[in-house]
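# Fold and contact review
Each chain, letter by letter, is given below.
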Amino acid sequence: MGELAAASKVHVMVSYWWSRGDGLANHQLGQILTRAAGVDQVDLTDPQSLDRALRIAVADPTVLAELDQWWPMVETRRAGNSTRNPSLGLDQSIRYLTDRLDAGTITPEARGECRRQVVAVDQVIISSKNLPELAHPDAEMLDLLGRYLETRSRVLALA
């Protein structure tokens, strides 16, 4: 594999595993990119900032090698499970459901949509059960899960 192909592969794989939202791994990625020559503090919440930093970083063979070790480590840490960190969309789903439930009269269509949302969130949580975020949840994740369970109960209690 040529240098350009190797750099492209690493760029894509690092971007992919970054997008899974593993906070600990992404913190380490931020440190790698910050140490990279010519790369200032990287905003890991901004995909464009990350992309710019990666374009610079993969041009440096030393950093490229470090990044080529980072992404398999993340893949292993997540046991190959490519499900995103469930906390990334959980708050938004809770707000969506709460807004519908607090809107007053709930139409059969709104009730059906809320139930579909609950099924989708349940699937994400089930597929994430062995990920670090759920295997060892922090206080924020526990709070989100508690709020979700309350909201989920409200949806399932609808006649």
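In short, a report on the structure. (Residues numbered from 1 in each chain as written. Predicted model: local features only at pLDDT ≥ 70, side-chain atom pairs only at ≥ 80, totals over all residues. Heavy atoms only, no water.)

### Thoughts on the side chain of R78
One can find R78 in the loop between α4 (61-77) and α5 (87-101). Among the polar contacts made by the side chain of R78, one reaches the side chain of D22 at a distance of 3.0 Å. If near-sequence neighbours (up to four positions away) are discounted, R78 is found in contact with W17, R20, D22, T83, R84, N85, L131, P132 and E133. (Helix = DSSP H or I, 4+ residues; strand = E, 2+ residues; numbered from the N terminus. Polar contact = N/O pair within 3.5 Å; in protein donor to acceptor, adjacent residues only side chain to side chain. Contact = heavy atoms within 4.5 Å.)

### Here's the deal with α5
Since the α-helix turns once every 3.6 residues, residues separated by three or four places project in the same direction. With 15 residues, α5 extends 21 Å from end C-alpha to end C-alpha; this agrees with the ideal 21 Å at 1.5 Å per step. Of the positions making up α5, those classed as buried are S87, L90, S93, I94, L97 and L101. Angularly, the buried residues of α5 cover 105° about the axis, an arc narrow enough to put them on a single face. Across from the buried face of α5, at angles greater than 90 degrees, the exposed residues are Q92 and D99. Along its buried surface, α5 packs onto α6 (108-127) and α8 (139-156). (Expected span 1.5 Å × (residues − 1). Buried < 20%, exposed > 50% of the residue type's maximum accessible area, 1.4 Å probe, protein only. Arc of directions from axis to C-beta.)

### Some points on the pattern of salt bridges
Pairing between side chains becomes possible if they bear opposite charge and their charged atoms approach one another. Taken as a whole and judged by the stated rule, the model has eleven salt bridges. One salt bridge in this structure joins E66 and R35, with 2.3 Å as the shortest N-O distance. Here the residue E66 occupies a position in helix α4, and R35 occupies one in helix α2 (residues 23-35), the gap between them amounting to 31 residues. Taking the relative accessible area as the measure of exposure, R35 reaches 54% and is therefore exposed. Here R147 and D91 are joined by a salt bridge, their closest N and O atoms 2.6 Å apart. Note that R147 is positioned in helix α8 and D91 in helix α5, a separation of 56 residues in sequence. Within this structure, D22, R77, R78 and E133 form a network of salt bridges that share partners. (Salt bridge = Lys/Arg side-chain N within 4 Å of Asp/Glu carboxyl O.)

### Some remarks on the nonpolar core
Core analysis: the largest hydrophobic core is formed by 22 residues, its most contacted members being V10, V14, L29, L33, L67 and W70. Of all the secondary structure elements, the ones that give two or more residues to this core are α1 (3-18), α2, α3 (47-57) and α4. At six residues, α4 tops the list of elements feeding residues into this core. Formed by 15 residues, the second largest nonpolar core is a distinct cluster that contains I94, C114, M141 and L158. (Core = buried A, V, L, I, M, F, W, Y, C linked by side-chain atoms within 4.5 Å.)

Read these as spatial facts, not as claims about activity.
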